[in-house]
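Okay, here's what each chain looks like letter by letter:
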Amino acid sequence: MRPMDVAITGIGVMAPGGLGREAFWDRVLSGRAATRRVTFFDPAGFRCQVAAEADFDPAAHGLTPQEVRRMDRAAQLAVAATDEALADGGLDLSELDPGRTAVTVGNAVGCTTGLEQEYRVLSDDGRQWSVDHTFAVPQLYGYLVPSSIAAEVAWRAGAEGPASVVSSGCTSGIDALGQAAELLAEGSADVVVAGSTDAPISPITMACFDAIKATSTYNDDPEHACRPFDRGRRGLVLGEGAAMFVLEPTARARRRGARIYARILGYAGRANGFHMTGLRADGREMAEAITAALDQARLNPQDIDYVNAHGSGTRQNDRHETAAVKTSLGERAHEVPMSSIKAVVGHSLGAIGSIEAAACALAIERGAVPPTANLRERDPECDLDYVPLTAREQRVDAVLSVGSGFGGFQSALVLAAPDKAAA
Amino acid sequence: MTGLAARTADTAPTAVFTGIGVTAPNGVGTEDWWAATLAGKSGIDEIGGFDARTYPSRLAGEVKDFDAAEHLPARLVVETSRMSHFALVATAMALDDAAVDPASTPEYTMGVVTANASGGAEFGQRELQKLWRGGPRDVSPYMSIAWFYAATTGQISIRYGMRGPCGVAVAEQAGGLDALGQARRVVRSGAALVVTGGTDSSLSPAGFVSQLPTGLLTTVTDPLRAYQPFGTEASGYVPGEGGAILVLEDAAAARRRGAGRPYGELAGYAAAFDPRPGSGRPPALARCLRTALDDARLRPEDVDVVFADGHGTPGHDREEARALAEVFGPHGVPVTVPKTMTGRLYAGGGALDAAAALLALRDQVVPPTVHVTRPDPGHGLDLVLGQPREIPLRTAVVVARGHGGFTAVTVLRRTG
Amino acid sequence: MSAFTLDQLKTILREGVGVDEAVDLDGPILDTPFSSLGYDSLALLEIAARIQNQYGVAIRDEDVELLATPRAVLEYVDAHLAEVA
């Protein structure tokens, strides 16, 4: 495994309850959930009627009317986050070699919102199987192929190096950062604009999660619908959003005197090879990914000051990852704070891994650990320190962030402070 | 940690292809498809899977007479879409071809990296229809695992217990080559074997109609004249379905398990993205070709054949021909577009071209480009037209360009 | 008289979730756990959804995992068909 030392020098976040990096950080620290009864469509008739929606106005974030029309919401969120990250990173785009600037965008369900809207028109609300092509709008192909999202980000950043969408389901947000770091480590790019986005709050995605009964049924208490690690948890709550980063080799960032939030030192992905939605209780593949990521980072479990959990709030996930963290971190698992921000910002599928990485980088820079909101009564089988309800101020030098998703994918990312030395 | 040993860049393993599986419009099964390809047999025809008579474009490369249930367990067929059926069938062929036994291979040393461009379109349309006709309770639980881009990689991983690094590349037509490049990274990080490649199927009415607004699909209705890349009558392209799955292995690991002679080495790979529309600057392809050749430590004159992207629209063809002439010189290298027999398979296209290039290296023959009635002399290409060309082949370049500016190049090298 | 028969359930299995090659649905399966018949949690959800759509019997979330065998499903549906009627 090649060593990896990648600096995060710019961060942009568009999340429910927190549009913009600072608003996002305040929100996750506050532990105030951004979940609410769905307003994007009438959720009557749905099993789960709650989601974490972003009050995102693309025009307010600088998108022109044509850009708004051209892009699905997932692309709009990504572009807005990209703009914030680029400005934050202090890069002079005119001094970059475009061919050495890469783009890696994680995304799980593509332009589902736009695709569903247009499908309804083409098919006259499902009445026609042989849909009417005369109602096909110009942007429809961009909705069909989610690579369009990476294209929009690349145009925004003036990037002409390797560009792609990484779409490994709910670990996409971690895998996109991991693959971006690999591009830098192998020397295929000088800078990568990387992160992830998803905008899945549409009837079809809500119906999918209804059908497998993975989403919460606390419809009468939307702000407490997602309860990671809690005895009364009933499932995940869908969210949306994007987080984008400016990534560059740490040596390069130091040369240009850039502010470094944190460094990415390790990444690994494994698959459970077991079931598309089911998880084996022992969490062995996630444990394997964690161990591999720590090995690459040359850190020991004792070095980890904070674990950002997948913590989706489903019954099986929270036990699965508790077991995985115990297996991989050993005794350290019982000492280290481990929290989930999904009770606040929801589970934004392909986006959440990057949104969580933003929280991890800010935790390192600012010396605070975000809480697990809505955790009032711990599940007896989830017996770690999940930082219930209230954030903690503490030194955070190294962080482990994990993700788990449909398809069986398990991913782990290790971030560390700018001055953290290898073990 | 079991299996994945640490390695440094200096000792990066050589990645070789040891297995090929194909589900293509002009042949299911690697050898049947290859024989058809050398014979110039096309799979492009009027669309039969749905009624396309009212649409301005009416042709496609459909994989006909393909019954997934003949090849796959019934339980797997119901929970997967057509794009995954193609991949699962091709994976079984590729593993069989490579004589790999996944059950006896350490689980974390096997990875899966596939490409996908547009998800399970037919499955998706069916469930969308159920939602909007009946309501949310009519949507099948399988929709949540069949429609999304990662479905294929996940199902392959589960079917064969491949628990190492997995991934999904999405870059429209370029994704099929990006998957191979990512698979090589996984091999270089210590994996013994990666199942890679790509398949797609966007040929449901809604999936097909979603492609029309680009204006890039041909409206010619004669299957023999519709898709003519680099021709004076280039009018757009024909979409298709299917693709190829390949087994990429660490060469040393393949030798240790007693694998036969590999088809070839993935010697070079590069990806790039075109400048913003309206910039007036040239596309990324020439630069990407040079980067891939540098990566393979080869020069343009070492290349014996180019499997071109062959978009089939005059503007794209001109861009590609210029880049090829710039790097290889005018008429500097034989160029072929066997996808004239299948249409553009999106994520499956680059993978299928890589399969064709590997078999070309094996058999020392370049498969033909068909149906191009008059090559545009202005392109300055040595197009292998109509008949296969038997020439010594050691190095093949495969080009794939994805809608919006995605560009990928692989360099495949005969081993031994 | 049973309103929901094993044959009707078998039709749902064949059409909706497929039959594992190693399983003979026409054998004595009434008390065979679904897991032994090759049906996972998603398959059970699909079966439940089809019963609901075709027979109007809603299987409550918390009941799905209790329906471990074909006999349990038949008895559950029978008991609730009366409510539908």
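Because the structure is a prediction, the values reported are computed rather than measured.

A. Spotlight on the overall build of chain B. Helix and strand content of chain B: 13 helices and 16 strands. In summary, chain B has a C-alpha radius of gyration of 20 Å against a globular reference of 22 Å for 416 residues, a match within 12%. Expressed as lengths along the three principal axes of its C-alpha atoms, the size of chain B is roughly 60 × 55 × 40 Å. Across the 416 residues in chain B, those meeting the buried criterion constitute 68%.

B. Local environment of the overall build of chain C. Looking only at helices and strands, chain C features four helices and zero strands. Reading chain C from its N terminus to its C terminus gives the helix and strand order α-α-α-α. For chain C, the C-alpha radius of gyration of 12 Å lies close to 12 Å, the compact-globule estimate for 85 residues. Overall, the C-alpha framework of chain C stretches about 35 × 25 × 20 Å when taken along its three principal axes. Counting over 85 residues, chain C shows a buried share of 29%. Residue pairs in contact within chain C that sit at least 24 positions apart in sequence constitute 59% of those at least 6 positions apart.

C. Broad picture of the domain arrangement of chain B. All names here are of chain B. Partitioning chain B into structural domains gives domain 1 (9–256) and domain 2 (264–413). Distance from the C-alpha centre of domain 1 to the C-alpha centre of domain 2: 20 Å. Listed as interface residues are 64 residues of domain 1 and, on the opposing side, 57 residues of domain 2. Of the residues in the side of domain 1 that touches domain 2, the class split is 30 nonpolar, 26 polar and eight charged.

D. Representation of the interface of chain B and chain A in the model. Taken together, the 75 residues of chain B in the interface contact 74 residues of chain A. Secondary structure elements with two or more residues in the side of chain B that touches chain A: helix 5 (121–134), helix 6 (143–146), helix 7 (151–160), strand 6 (166–170), helix 8 (175–188), helix 9 (205–209) and strand 9 (264–273) of chain B. Here the side of chain B that touches chain A is composed, by residue class, of 38 nonpolar, 26 polar and 11 charged. Bridge count between strand 6 (residues 163–166) of chain A and strand 6 of chain B: two bridges; the pairing is antiparallel. The residue bridging V165 of chain A from the neighbouring strand is V170 of chain B, located in strand 6 of chain B.

E. Quick peek at the pairing of strand 10 (residues 262–271) of chain A. Residue and element names in this part refer to chain A. Among the 10 residues that make up strand 10, 10 are buried, leaving the element largely enclosed by the rest of the structure. The pairing of strand 1 (residues 6–15) with strand 10 spans three bridges and is classified as antiparallel. Bridge assignment links V6 to a residue of strand 10, and that residue is I264. Relative to strand 16 (residues 409–416), strand 10 runs antiparallel, the two being bridged by eight bridges. In the strand pairing of strand 16, Y267 is matched with L413.

F. Up close: the packing of helix 10 (residues 284–297) of chain A against helix 11 (residues 315–329) of chain A. Residues and elements named next belong to chain A. Interhelical geometry of helix 10 versus helix 11 gives an angle of 45° and a closest axis separation of 8 Å. Classified by the interaxial angle, the pair formed by helix 10 and helix 11 is oblique. The way helix 10 lies across helix 11 gives a crossing that is right-handed. Note on element contacts: helix 11 touches helix 10 through E321, A324, T327 and S328, opposite R284, M286, A287, I290 and T291.

G. Spotlight on the pairing of strand 9 of chain B. Residue and element names in this part refer to chain B. Summarising burial for strand 9: 10 of the 10 residues are buried, a large majority. Inspection of the sheet shows strand 1 (residues 15–24) paired to strand 9 by two bridges, in the antiparallel sense. In the sheet register, V16 faces strand 9, and the bridge partner there is E265. In the sheet, strand 9 pairs with strand 16 (residues 406–413) via eight bridges, with the strands oriented antiparallel. Within strand 16, the position partnered with G268 by the bridge is V411.

H. Main features of unusual backbone geometry. Even without a glycine there, the phi angle at R298 of chain A is positive, about 55°. The residue R298 of chain A is located in the loop between helix 10 and strand 11 (306–308) in this model. The backbone of A99 of chain B sits at a positive phi, close to 55°, despite the residue not being glycine. When you line up the elements, A99 of chain B lands in the loop between helix 4 (82–98) and strand 5 (110–115). You can call A99 of chain B partly exposed: it has 13 C-beta atoms within 10 Å.

I. Seen up close, the UniProt feature "domain: Ketosynthase family 3 (KS3)" (unreviewed entry) in chain B. The feature "domain: Ketosynthase family 3 (KS3)" (unreviewed entry), as given by UniProt, occupies residues 12–414 of chain B in the numbering adopted here. Across residues 12–414 of chain B, the secondary structure splits into 33% helix and 21% strand, with the terminal C-alpha atoms separated by 19 Å.

J. Summary view of the sheet that holds strand 4 (residues 50–52) of chain A. Residues and elements named next belong to chain A. The three strands lie next to each other as 3-4-8, forming an open sheet whose pairing is mixed. Either end of the sheet is taken by a strand with one partner, and the two such strands are strand 3 (35–37) and strand 8 (238–239). For strand 3 and strand 4, the ladder comprises three bridges, and the chain directions are antiparallel. Bridging across to strand 4, T35 finds its partner in A52.

K. The UniProt feature "domain: Carrier" (unreviewed entry) in chain C, seen in detail. In the numbering used here, UniProt assigns the "domain: Carrier" (unreviewed entry) feature to residues 3–81 of chain C. As annotated, residues 3–81 of chain C comprises 54% helix and 0% strand, and the C-alpha atoms at either end are separated by 8 Å.

L. Spatial organisation of the interface of chain B and chain C. Taken together, the contact pairs 11 residues of chain B with 12 residues of chain C. For the side of chain B that touches chain C, a count of residues per class yields six nonpolar, one polar and four charged.

M. Structural detail: helix 13 (residues 352–366) of chain A. In this model, helix 13 of chain A (15 residues) spans 21 Å end to end at C-alpha, consistent with the 21 Å of a helix rising 1.5 Å per residue. In terms of residue burial, helix 13 of chain A counts as a mostly covered element, since 13 of its 15 residues are buried.

N. Representation of helix 7 (residues 172–185) of chain A in the model. All names here are of chain A. For helix 7, built from 14 residues, the straight-helix expectation of 20 Å at 1.5 Å per residue is met to within 8% by its first-to-last C-alpha distance of 19 Å. Within helix 7, 14 of the 14 residues are buried, which leaves it mostly tucked inside the rest of the structure. Phi for G187, located one or two positions after helix 7, is positive at around 85°.

O. Highlighting the packing of helix 8 of chain B against helix 13 (residues 347–363) of chain B. All names here are of chain B. Put simply, helix 8 and helix 13 touch, their axes get as near as 5 Å, and they point 65° apart. Contacts between helix 8 and helix 13 pair G175, G176, L177, A179 and L180 from the former with A347, G348, G349, G350, A351 and A354 from the latter. Residues of the contact of helix 8 with helix 13, tallied by class, amount to six nonpolar, five polar and no charged.

About the cut-offs
- Residues numbered from 1 in each chain as written.
- Chains lettered and ligands numbered in written order.
- Predicted model: local features only at pLDDT ≥ 70, side-chain atom pairs only at ≥ 80, totals over all residues.
- Helix = DSSP H or I, 4+ residues; strand = E, 2+ residues; numbered from the N terminus.
- Rg over C-alpha atoms; globule rule 2.2 N^0.38 Å.
- Buried ≥ 20, exposed ≤ 12 C-beta atoms within 10 Å, placed from the backbone.
- Contact = placed C-beta atoms within 7 Å.
- Domains from an automatic or database assignment.
- Nonpolar A, V, L, I, M, F, W, Y, C, P; charged D, E, K, R; others polar.
- Pairing = 2+ DSSP bridges.
- Axes fitted to C-alpha atoms, helices over the stretch in contact; angles between N-to-C directions.
- Parallel < 35°, antiparallel > 145°, perpendicular 65-115°, else oblique.
- Left-handed = near helix turned anticlockwise from the far one by under 90°.
- UniProt positions renumbered as here; feature names shortened; annotations may be inferred.
- Expected span 1.5 Å × (residues − 1).

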